[in-house]
Each structure stands twice: as C-alpha cells, then as structure tokens.
Amino acid sequence: PPYRLRARRTGHLPCADHLHMHLPATRKSILSRCGYRCAGCGMKIDNTMASWFRYCAYLGKYFCHSCHHEKTAHIPARILHKWDFRKQRVSNFASDLLEKMYCEPLYCIQDINYNLYKTVNEMKYARALRYQLFFLKEYIRTCRNGKDLLENMSLRSHIISEPQMFSLEDLCAVKDRTLIEQMRVLVTSWLQHVDNCGLCKGKGFICELCARDEIIYPFQLDGVVQCQMCWTCFHKSCYSGTCPKCARIRSRRTMSDPEGNKNTEAKTNNQNER
C-alpha cells in the first residue's frame, strides 16, 4: 500500500530542506523529541523498544519496520557538502522521493557549495565544459548548417541551457566521468563546426582593445571575457573592466537626449540625498 508521512499538525514531518546535514544525535534524543512514534505511520512504542526502530539517513528520523525496509540511496546533502557517494539506509518514503527526484535538476552548485568547483577536479572540468556548450549552443542554434548537430544531441536540455543546475543523476555521472566524456565529445564536435563554418565565424568578435586580427568567441573561457551588459568579447589580458562599446552607447544616449540624461542625473542625486 502507498505510504506517507504523518500530517504536519502532528509535528512529525521532516525538515523541508532536503540539503540539511543532520547533526549527530543519539537514538534516544531523536525518538524522545517525536514522542517515541514512527515518523511514517505514527505508531507509538515504549521507550524500552527503541532499538526496534530504523534510522533514515535522508530525513534524520526513525521509522518502524513497516515504513523502513532498509533500502539504500545516495544522500544529496552528503554529496553536495562532502562529495560522499556512499549509499545510506533510508525509509520507504525517502527512497521513493529520492527516486522521483533523481533526474530533476534541483541543485544550483554556485548557491549551495561553490567550493566543489575548487576542490573537486571533476566538477571544475564539468563546469567548464557546460559553459562552453552554453555559449556554443547559440552559434549552432542560429546556424542553418548546424541543425543536424542539435538534433543528434543526446544530452538533456538543462545540461546546456542551465550550466549551474545539477540533478543527482548528473552528479553521479560526473563522479564516474561518463557525463564529462559525453560533454567533451560534444564540445569537440561543435568547436570543429564553428572553426569550419563561415556563418559562425561571422558571429565572432574582434577585440577592439588590441585590434589584433584574431576572431574570439565567448566559449574560449581561458583567454576571453565577455561584457555582461552588451555581451561584447575581449581578451582577458586586454580587458580592465571598462567596456568601450558600453561607453559609446552611453555617449550616444547623452547626445540624443541631453535633457533626459539631466533628469536621470537629478533623480539619482535626489535619491542619494534621501
């Protein structure tokens, strides 16, 4: 039969934050807080029978044998905070929930634990490949010669369109490097297309700070930086933080609407005074 956690009014629902790292606690302290009841069906037992209950590593609660069949699963918090992929025993409810969540891109690594990119080589490499695909996709998508490349792509859409988002499946695939290899092959194929396609080359940039006769692209992550306002690209070694294109745009706006610019400045000054 289907199972469910007890209603919220009973006070036995787990913390909604499934990324919570449960602090070490004794069986007695956890069970006493929930009145020696199963966190699933609510069955109450005498405190002398506490050893009969089973611990769920995902929810941090104890369950009876009917609600906990000792299934094992990856724990998201352990992966995201400790890069620990060892499976832990979980309740029936948690096992079912984790199975449903397995392929969903729920985890923004930049917000949850950015240090993973610094300490785990696989994550650092996967991040670079995903951002390359993110920028390359715009070239392939808008190229009439690149439709076949998109249609033959086997990766799920969020891998390319949302480079910071990961599912449990993605994290496990990064750990065993299968996802890294898939992305590496795809990046190589798309780079070859751009290098050999006149249409895609026409969408590249010339660094106007040095004016070298070299086409640069935003997917050249090691040597190119992109202005976040106008999306123009420059060599990292040339760029000092000031975008000449943005400066020209501001200058044109000032020349075309000097009164509007004065009003804008006046409003800004009034807000600062307040």
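It should be noted that the structure appears before, not after, this text.
Quick summary incoming for the structure in this document. It should be emphasised that the depicted structure is a prediction, and the values quoted were computed from it without experimental measurement.

1. Re the overall build of the protein chain
When you go through the protein chain residue by residue, the secondary structure sums to 13 helices and 10 strands. Classification of the 274 residues of the protein chain by burial places 38% in the buried group. For the protein chain, the proportion of contacts with a sequence separation of at least 24, taken over those separated by at least 6, is 60%. Put simply, the protein chain shows about 16,600 Å² of open surface, and 49% of that area lies on carbon and sulfur atoms.

2. As for the packing of helix H9 (residues 168-175) against helix H10 (residues 178-196)
The N-to-C vectors of H9 and H10 enclose an angle of 85°; their axes lie 5 Å apart at closest approach. In terms of orientation, H9 and H10 fall into the roughly perpendicular class. In this structure, H9 uses Asp170, Ala173 and Val174 to contact H10, whose residues at the interface are Thr178, Leu179 and Ile180. Classifying every residue of the contact of H9 with H10 by side-chain character gives four nonpolar, one polar and one charged.

3. Describing a nonpolar patch on the surface
Taken together, Met43, Met49 and Trp52 make up a surface patch of nonpolar side chains, about 260 Å² in accessible area. Following the sequence through the fold, tryptophan 52 ends up in the loop between helix H1 (27-33) and strand S1 (54-56).

4. Side note on the side chain of glutamine 132
Mapped onto the secondary structure, glutamine 132 falls in helix H6 (residues 121-141). Taking relative accessible area as the criterion, glutamine 132 reaches 19% and is therefore assigned buried. Among the polar contacts made by the side chain of glutamine 132, one reaches the main-chain carbonyl oxygen of phenylalanine 219 at a distance of 3.5 Å. Residues within four places of glutamine 132 in sequence aside, it is in contact with Val187, Leu191, Phe219 and Leu221.

5. Side note on the nonpolar core
Core analysis: the biggest nonpolar cluster contains 62 residues, and Tyr58, Trp83, Met123 and Leu171 have the highest contact counts within it. In terms of residue count, H6 provides more of this core than any other element does, eight residues in total. Look past the residues within four positions of tryptophan 83 in its chain and what remains in contact with it is Arg78, Leu116, Val120, Met123, Leu171, Val174 and Lys175. Core analysis: the second largest hydrophobic core is formed by nine residues, Ile216, Val224, Cys233 and Cys243 among them.

6. Some words on the packing of aromatic side chains
Using the criterion set out here, one finds 10 aromatic pairs in the structure. The interplanar angle of 55° and the centroid separation of 5.1 Å between the aromatic rings of tyrosine 55 and tyrosine 62 together place this pair among those described as tilted. A relative accessible area of 7% places tyrosine 62 in the buried class. Clustering of aromatic rings is evident, with ring pairs tying together Tyr131, Phe134 and Phe135. Sitting over the face of the ring of tyrosine 117, arginine 127 holds its NZ or CZ atom 4.9 Å from the ring centroid. Over the ring of phenylalanine 166 we find arginine 130, and its NZ or CZ is 4.5 Å from the ring centre.

7. Section: H9
In terms of burial, H9 is a largely internal element, six of the eight residues being buried. Three or more residues of H9 are buried, namely Leu168, Asp170, Leu171, Cys172, Ala173 and Val174. After H9 finishes, the residue arginine 177 shows a positive phi value of roughly 70°.

8. A closer look at unusual backbone geometry
In this structure, tyrosine 36 takes a positive phi of about 55° despite not being glycine. Along the chain, the position of tyrosine 36 falls in the loop between H1 and S1. Here tryptophan 83, not a glycine, exhibits a phi torsion of approximately 55°, which is positive.

About the criteria used
- Residues numbered from 1 in each chain as written.
- Predicted model: local features only at pLDDT ≥ 70, side-chain atom pairs only at ≥ 80, totals over all residues.
- Heavy atoms only, no water.
- Helix = DSSP H or I, 4+ residues; strand = E, 2+ residues; numbered from the N terminus.
- Buried < 20%, exposed > 50% of the residue type's maximum accessible area, 1.4 Å probe, protein only.
- Contact = heavy atoms within 4.5 Å.
- Areas by Shrake-Rupley, 256 points an atom, 1.4 Å probe, with all protein chains shown as cover.
- Axes fitted to C-alpha atoms, helices over the stretch in contact; angles between N-to-C directions.
- Parallel < 35°, antiparallel > 145°, perpendicular 65-115°, else oblique.
- Nonpolar A, V, L, I, M, F, W, Y, C, P; charged D, E, K, R; others polar.
- Patch = residues over 30% accessible without salt bridge, like charges linked within 9 Å, V, L, I, M, F, W, Y side chains within 5 Å.
- Salt bridge = Lys/Arg side-chain N within 4 Å of Asp/Glu carboxyl O.
- Polar contact = N/O pair within 3.5 Å; in protein donor to acceptor, adjacent residues only side chain to side chain.
- Core = buried A, V, L, I, M, F, W, Y, C linked by side-chain atoms within 4.5 Å.
- Phe/Tyr/Trp six-rings, centres within 6.5 Å; stacked < 30°, edge-to-face > 60°.
- Lys NZ or Arg CZ within 6 Å of the ring centre and 35° of its normal.

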